[in-house]
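Letter by letter, the chains look like this.
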Amino acid sequence: MFVHRRRGWEIAPSKATPEAVVLGRRGLIGAAAGAGILAASARPAGAWSLLGGSKAPPVVLKPLTAPRNARYDAGRAITDEHEATSYNNYYEFGMSKSVTDAAAALVSDPWTIEIAGMVNTPRRIGFDELMKQVTLEERVYRHRCVEAWAMTVPWVGFPLAALVKLAEPLGSASYVKFTTLADTKTMPGLRQSWYPWPYTEGLTMQEAMNELTFLSVGMYGKTIPPQDGAPIRLTVPWKYGFKSAKSIVRVEFTDQQPLSFWQQLQDSEYGFWANVNPDVPHPRWSQAEERLLGTGESVPTRIWNGYGEYVASMYADKTKERLFV
Ligand SMILES: Nc1nc2c(c(=O)[nH]1)N[C@H]1C(S)=C(S)[C@@H](COP(=O)(O)O)O[C@H]1N2
Ligand SMILES: [Mo]
C-alpha cells in the first residue's frame, strides 16, 4: 500500500507554494516533579554553535516515570523505543523522517509557555513551575499518522484539562490554539519559507477537556527527546498525528476556530477535525490500513483510532462538518 504514495504526506513544495502564498501567513505532580528532574535535557546551550552549528552535542534524557493509568489499555504491543523515537515528523528540523541529529539543537531548558487570549489573566508560566502544579501519569496510547503509519507509546504527562483549569479561560472561549517553537537559529526547516511557520494546531474547548487529551512531557520512562517534541507536546490519540503539536510555547483561548499549519497549506487534505476514519480516504491514498512501526505489520485502521467510546459523542451533533479530514 505504500508503493503508490508520495514519500511525504504533505503536498510537494512546488504545489504548496501558491496555496501557501494565497492563503497568507496567518490571516505534575507529585513526586516526579521535584527538583529539576523534569528539565528536559542538560546541554550547554550555544556551545555547539561556536563550532559552526553543524552538530549539537548528544542529548541527555532524564528518567521520568509515573504510575501507569490502566484505564487506557492500548490493546497492542508497545512499539520498540528506538523505532518510535527515530522515525519522526518534525518539519522544523527537516522533511525527512530522520531528524534526531538536527533536533539535538533544540534548546528545551529553560522553557516558557505563554497562556494567552480569553483567560482571566494572560501570563507566562515556566515549564518547571507548571510541572509543580500537575500530577503526572503514564498512558499507553496508539498514535496514527495521516500517512498511514502507527505506533504505540507509553507517554508520561497530564491531561490538557489540568492546564486549561490553571489557565482560567473565560466562558466565551470555545477553542484552544497551540503554537509551537519557531527558532530560526536552531531549526533549519524554517528556511523553507513556503511553509506557514510557526506550526499551529487547534482543538475545540470540549476536545481540550476530553479525558483522553494529554500533554506529554515524557515517553518510555524518560523526558521526551527533542525529535519527539521536547519538552512538552500534545497527544490527541483519536485524531491524525499532525494534531499532536510538538514543543508548545503558546496556548491561546479564543472564540475563533484556529487555522492550523497543515490546513493553511492544503485544507482539502488536512482539515481542522482530522479524526481517524478508515472509510474516508485521504485524497491521495487509502486510510483503511496502517503500518506498525517496528514490525512493519499492516493492521486495519479503526474509526476514532479505536477511541470511540471516549470521543464519538462529542461529534454527534456535527453531522455537517468534515469530521474525518
Ligand atoms: N511542531 C511540530 N509538531 C508536529 C509535527 C511537526 O512537523 N512540527 N508533525 C506532526 C505529525 S505529522 C506527527 S505524525 C507527529 C509525529 O510525532 P513523532 O515524531 O513523535 O512520532 O507530530 C506532529 N507534531
Ligand atoms: Mo503525521
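It should be noted that the structure appears before, not after, this text.
Notes on the structure in this doc start here. Since we're looking at a predicted model, the values are computed, not measured.

Definitions and cut-offs
Residues numbered from 1 in each chain as written. Chains lettered and ligands numbered in written order. Predicted model: local features only at pLDDT ≥ 70, side-chain atom pairs only at ≥ 80, totals over all residues. Heavy atoms only, no water. Helix = DSSP H or I, 4+ residues; strand = E, 2+ residues; numbered from the N terminus. Buried < 20%, exposed > 50% of the residue type's maximum accessible area, 1.4 Å probe, protein only. Pairing = 2+ DSSP bridges. Core = buried A, V, L, I, M, F, W, Y, C linked by side-chain atoms within 4.5 Å. Polar contact = N/O pair within 3.5 Å; in protein donor to acceptor, adjacent residues only side chain to side chain. Salt bridge = Lys/Arg side-chain N within 4 Å of Asp/Glu carboxyl O. Arc of directions from axis to C-beta. Phe/Tyr/Trp six-rings, centres within 6.5 Å; stacked < 30°, edge-to-face > 60°. Near = heavy atom within 4 Å. Areas by Shrake-Rupley, 256 points an atom, 1.4 Å probe, with all protein chains shown as cover. 1 Å grid on protein atoms, 1.4 Å probe; cavity = no way out; pocket = protein on both sides within 12 Å on 5 of 7 lines; lining within 4 Å. Sits in = over half its atoms within 2 Å of the grid points. Nonpolar A, V, L, I, M, F, W, Y, C, P; charged D, E, K, R; others polar. Contact = heavy atoms within 4.5 Å. Points joined across faces, edges and corners; volume = space filled by probe spheres on them.

**Some thoughts on unusual backbone geometry**
So, step 1. Omega for the peptide link from D109 to P110 comes to 5°, which places this bond in the cis form.
So, step 2. Following the sequence through the fold, P110 ends up in the loop between α4 (100–103) and β1 (112–117).
So, step 3. In this structure, the amide linkage connecting W197 to the following residue, P198, adopts the cis form with an omega of 0°.
So, step 4. Residue position: P198 is located in the loop between β5 (175–180) and β6 (200–204).
So, step 5. Despite not being glycine, W304 shows a phi value in the positive range, around 55°.
So, step 6. By secondary structure assignment, the location of W304 is in the loop between β12 (298–300) and α9 (308–311).

**Examining the pairing of strand β3 (residues 137–144)**
So, step 1. The buried fraction of β3 is high, at 8 of 8 residues.
So, step 2. Burial along β3 is two-sided: the residues E137, R139, Y141 and H143 and E138, V140, R142 and R144 are all buried.
So, step 3. Counting the residues between successive antiparallel strands, the hairpin from β3 to strand β4 (residues 149–159) contains 4 residues, one of them, A148, with a positive phi of roughly 85°.

**A short note on the nonpolar core**
So, step 1. Counting 84 residues, the largest nonpolar core has L130, F158, L160, I232, W238, F253 and W262 as its most contacted members.
So, step 2. Here this core takes 6 residues from β4, the largest share from any one element.

**Observations regarding the side chain of H282**
So, step 1. Among the structural elements, H282 can be located in the loop between α8 (261–266) and β11 (289–292).
So, step 2. Using a relative accessible area of 6% as the deciding quantity, one classes H282 as buried.
So, step 3. A distance of 3.2 Å separates the side chain of H282 from the side chain of Y270, its partner in a polar contact.

**What about the pattern of salt bridges?**
So, step 1. All chains considered together, the criterion is met by 16 salt bridges.
So, step 2. The partner of E211 in a salt bridge is R71, and the shortest N-O contact between them spans 2.8 Å. One end of the pair, E211, is in the loop between α7 (205–209) and β7 (214–219); the other, R71, is in the loop between α2 (47–50) and α3 (81–86), and 140 residues separate them in sequence.
So, step 3. The structure contains a network of salt bridges with shared partners spanning R76, R144 and E290.

**Remarks on helix α6 (residues 160–167)**
So, step 1. By the burial criterion, the buried members of α6 are L160, A161, L163, V164 and A167. All buried residues of α6 fall inside an arc of 160° around its axis, so they share one side.

**Re the packing of aromatic side chains**
So, step 1. According to the stated counting rule, one finds 22 aromatic pairs in the structure shown.
So, step 2. Geometrically, the ring pair formed by Y72 and Y310 is tilted, given 5.6 Å between the ring centres and 50° between the ring planes. Placement of Y72 in the loop between α2 and α3 and of Y310 in helix α9 is noted, with a sequence separation of 238 residues between them.
So, step 3. Judged by relative accessible area, Y72 falls into the buried class, the value being 6%.
So, step 4. The exposure class assigned to Y310 is buried, which follows from its relative accessible area of 15%.

**Some thoughts on the site of ligand 1**
So, step 1. By nearness alone, 19 residues border ligand 1, and N88, E92, D228, R233 and K246 come closest of all.
So, step 2. D228 is positioned such that a nitrogen or oxygen atom in its side chain is 2.6 Å from an oxygen atom of ligand 1.
So, step 3. A distance of 2.8 Å is found between a nitrogen atom of ligand 1 and a backbone nitrogen or oxygen belonging to S244.
So, step 4. Protein chains bury 100% of the 530 Å² of accessible surface belonging to ligand 1 in isolation.
So, step 5. One can see that ligand 1 is located within the largest cavity.
So, step 6. Looking at the shell around ligand 1 residue by residue, the classes come out as 9 nonpolar, 6 polar and 4 charged.

**A word on the environment of R302**
So, step 1. Take R302: it is sitting in the loop between β12 and α9.
So, step 2. What makes R302 partly exposed here is its relative accessible area of 44%.
So, step 3. It is 7.3 Å that separates the C-alpha atoms of R302 and V276, two residues lying 26 residues apart in sequence.
So, step 4. In contact with R302, not counting residues within four places along its chain, are R142, V276 and P278.

**Observations concerning the side chain of S247**
So, step 1. With respect to the helices, strands and loops of the structure, S247 is situated in the loop between β9 (233–235) and β10 (248–254).
So, step 2. Among the polar contacts listed, one links the side chain of S247 to the side chain of Y90, at a separation of 2.6 Å.
So, step 3. In this structure the side chain of S247 is engaged in a polar contact, spanning 2.7 Å, whose partner is the backbone oxygen of A230.
So, step 4. Not counting chain neighbours up to four residues away, the residues in contact with S247 comprise Y90, L106, W111, T180, L181, G229, A230, I232 and R233.

**Looking at empty space enclosed by the protein**
So, step 1. Of the pockets and cavities examined, the largest cavity occupies roughly 260 Å³.
So, step 2. If you go around the largest cavity, you meet 22 residues; those closest to its centre are N89, Y90, G241, S244 and K246.
So, step 3. The residue inventory of the lining of the largest cavity, partitioned by class, reads 12 nonpolar, 6 polar and 4 charged.
So, step 4. As for the second largest cavity, its lining consists of V146, Y240, E269, V280, P281, H282, P283, Q287, F324 and V325.
So, step 5. Taken together, the residues of the lining of the second largest cavity sort by class into 7 nonpolar, 2 polar and 1 charged.

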